[in-house]
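What follows is the residue order along each chain.
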Amino acid sequence: MRRLRRSERFRNLVRETRLSPESMIYPIFVCPGEKVRKEIGSMPGQFNISVDNAVKIAREAEQAGIAGILLFGLPEEKDEVGSDACDENGIVQKALRAIRENVRNLLLITDICLCEYTSHGHCGVIKHGDVQNDPTLKLLADSSVSHVRAGADMVAPSDMMDGRVAAIRQALDSEGFSNTPIMAYAAKYASGFYGPFREAAGSTPQFGDRRSYQMDPPNAREALREIELDIDEGADIVMVKPALPYLDIIARARERFDVPLAAYQVSGEYAMIEAAARAGWIERERIILEATTAIKRAGADILITYYALELAKML
Ligand code: PBG
């Protein structure tokens with residue numbers, strides 16, 4: 001077995017998995033204001049950025065050959081039903097229009113969820129202290145239509161309400177957006193690895209947690225059911241999230257389904273690498289390459305990662 005491991009040329013020749021910027025998506029956090037570039041404490045190297053800076057980052061991503069950016073919005077004001085998510089002058093809508101005007105060759109994808117926009121921080125409407133499934137669907141569909149109207153190329157629902165892909169598909173079709181694909185966060189686990197993101201997006205639930213709608217981490221077969229349902233409802237791309245702690249789910253989804261499969265290397269995965277590197281305990285670049293390659297090796301076609309810009313330079 002060692003004959004083909006003896007030089008980088010040989011190793012390159014027989015390499016089974018390759019990373020490429022064309023299959024990567026870079027998440028960004030857009031906030032109100034001008035010239036804002038505020039580093040996220042638990043995600044060193046990642047920032048809350050105002051629309052003007054989002055345009056700059058989008059240009060950078062385009063030049064780096066990255067497939068697209070995934071937009072998250074930090075609204076000026078939050079309320080019970082997350083109104084900013086559906087407002088044509090909402091933060092994401094503004095960012096989409098500004099970026100679309102300046103950047104052509106980059107996919108603009110938006111995270112569809114209410115948690116960044118609601119005062120209580122949950123992903124749906126609350127009644128009697130509980131997240132209501134069906135009343136939330138209409139808002140998610142309205143938000144999707146609003147984002148696409150403002151220039152989104154694809155929407156990515158991450159709320160984990162039942163039936164949301166069908167509701168969004170129907171709304172997009174009836175508004176004349178039948179060509180716009182949906183990338184569903186199909187198997188999204190109730191994970192501790194989202195901690196830093198909630199600081200970045202100010203979306204920590206004010207009471208309770210997300211276990212009544214996101215998946216229970218010990219379950220694998222259930223993930224396949226979730227994915228199957230989303231495909232039946234019309235998802236064009238399905239996602240597993242987080243990525244590295246759920247490589248088994250990625251591998252099983254790859255075996256079972258033939259739709260494009262995305263994996264999200266989430267904020268906690270990023271924060272752990274950064275923290276250990278800062279402490280001098282790991283080789284940072286080597287670990288970044290190893291972790292992202294592992295996610296692709298498990299079967300992900302598309303990689304959503306905070307390292308996208310940096311990886312594009314490294315590769
Ligand atoms: C919104 C959403 C979350 C993430 C993506 N979309 C947070 C959550 O569900 O709590 C997590 C992304 C990350 O941790 O990098 N619902």
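Since this is a predicted model, take the numbers as computed values, not measurements.

Draft legend 1. Molecular detail of the overall build of the chain. On a plain count of helices and strands, the chain comes out with 11 helices and 12 strands. For a compact globule of 315 residues, the expected C-alpha radius of gyration is about 20 Å, and the chain comes in at 19 Å, within 12% of that figure. Overall, the C-alpha framework of the chain stretches about 65 × 45 × 40 Å when taken along its three principal axes. Burial statistics for the chain: of 315 residues in total, 55% are counted as buried. Within the chain, contacts between residues separated by at least 24 positions form 74% of all contacts whose residues are at least 6 apart in sequence. Working note: accessible area of the chain is about 14600 Å², and carbon and sulfur atoms make up 48% of it. Side-chain charges in the chain split into 39 positive and 46 negative, and the spacing between the mean points of these groups amounts to 8 Å.

Draft legend 2. Examining the site of the ligand more closely. Residues in contact with the ligand amount to 20 residues; listed here are only the nearest, Lys188, Arg198, Lys241, Ser267 and Tyr306. Protein coverage of the free-state accessible area of the ligand, which is 400 Å², stands at 100%. In this structure the site holding the ligand corresponds to the largest cavity. Secondary structure elements with two or more residues in the shell around the ligand: strand 9 (183–188) and helix 6 (195–201).

Draft legend 3. Quick look at the pattern of salt bridges. Evaluated as defined, the whole model comprises 16 salt bridges. Two residues, glutamate 8 and arginine 11, come together in a salt bridge whose shortest N-O distance is 3.0 Å. Highlighted residues: glutamate 8 and arginine 11, both in helix 1 (residues 8–13), separated by three residues, approximately one helical turn. For glutamate 8, a relative accessible area of 41% gives the class partly exposed. Given the relative accessible area of 33%, arginine 11 is considered partly exposed. Aspartate 230 serves as the salt-bridge partner of arginine 164, at 3.1 Å between the closest nitrogen and oxygen. One end of the pair, arginine 164, is in helix 5 (residues 164–174); the other, aspartate 230, is in helix 7 (residues 221–233), and 66 residues separate them in sequence. As far as the burial class goes, arginine 164 and aspartate 230 line up, both buried.

Draft legend 4. Up close: empty space enclosed by the protein. Across all of its chains, the model carries one cavity of 30 Å³ or more by this definition. The calculated volume of the largest cavity comes to roughly 140 Å³. Considering the residues around the largest cavity, the lining is formed by 18 residues, among which Phe72, Lys188, Tyr194, Phe197 and Lys241 are closest to the centre. Across the lining of the largest cavity, the residue classes tally to nine nonpolar, three polar and six charged.

Draft legend 5. Spatial organisation of the environment of alanine 276. When you line up the elements, alanine 276 lands in helix 9 (residues 267–278). Given a relative accessible area of 16%, alanine 276 falls into the buried group. If we skip the residues at most four places from it in the chain, alanine 276 touches Trp281 and Ile282.

Draft legend 6. Spatial organisation of the side chain of lysine 296. Summarising the element assignment, lysine 296 is placed in helix 10 (residues 284–298). The side chain of lysine 296 is buried and forms no salt bridge, while aspartate 301, the nearest opposite charge, is found at 6.7 Å. At a separation of 2.9 Å, a polar atom in the side chain of lysine 296 contacts the side chain of serine 23. In this structure lysine 296 touches Thr17, Arg18, Leu19, Ser23 and Asp301, once residues within four positions along its chain are discounted.

Draft legend 7. Focus on the nonpolar core. One finds Ile69 and Met183 to be the most contacted residues of the largest nonpolar core, which totals 111 residues. If you tally residues by element for this core, the top one is helix 4 (residues 133–150), at seven residues. Beyond its immediate stretch of four places on either side in the chain, isoleucine 69 contacts Ile25, Tyr26, Ile28, Ala58, Ala61, Ile99, Leu106, Leu107, Leu108 and Ile109.

Draft legend 8. View of a nonpolar patch on the surface. A cluster of nonpolar side chains, namely Leu4, Phe10, Leu13 and Val14, defines an oily patch on the protein surface of about 370 Å² accessible area. Turning to its location among the elements, phenylalanine 10 is positioned in helix 1. The partly exposed category is assigned to phenylalanine 10, whose relative accessible area is 39%.

The rules behind the values
- Residues numbered from 1 in each chain as written.
- Predicted model: local features only at pLDDT ≥ 70, side-chain atom pairs only at ≥ 80, totals over all residues.
- Heavy atoms only, no water.
- Helix = DSSP H or I, 4+ residues; strand = E, 2+ residues; numbered from the N terminus.
- Rg over C-alpha atoms; globule rule 2.2 N^0.38 Å.
- Buried < 20%, exposed > 50% of the residue type's maximum accessible area, 1.4 Å probe, protein only.
- Contact = heavy atoms within 4.5 Å.
- Areas by Shrake-Rupley, 256 points an atom, 1.4 Å probe, with all protein chains shown as cover.
- Lys, Arg positive; Asp, Glu negative; His and termini not counted.
- Charge placed at Lys NZ, Arg CZ, Asp CG, Glu CD.
- Near = heavy atom within 4 Å.
- 1 Å grid on protein atoms, 1.4 Å probe; cavity = no way out; pocket = protein on both sides within 12 Å on 5 of 7 lines; lining within 4 Å.
- Sits in = over half its atoms within 2 Å of the grid points.
- Salt bridge = Lys/Arg side-chain N within 4 Å of Asp/Glu carboxyl O.
- Points joined across faces, edges and corners; volume = space filled by probe spheres on them.
- Nonpolar A, V, L, I, M, F, W, Y, C, P; charged D, E, K, R; others polar.
- Polar contact = N/O pair within 3.5 Å; in protein donor to acceptor, adjacent residues only side chain to side chain.
- Core = buried A, V, L, I, M, F, W, Y, C linked by side-chain atoms within 4.5 Å.
- Patch = residues over 30% accessible without salt bridge, like charges linked within 9 Å, V, L, I, M, F, W, Y side chains within 5 Å.

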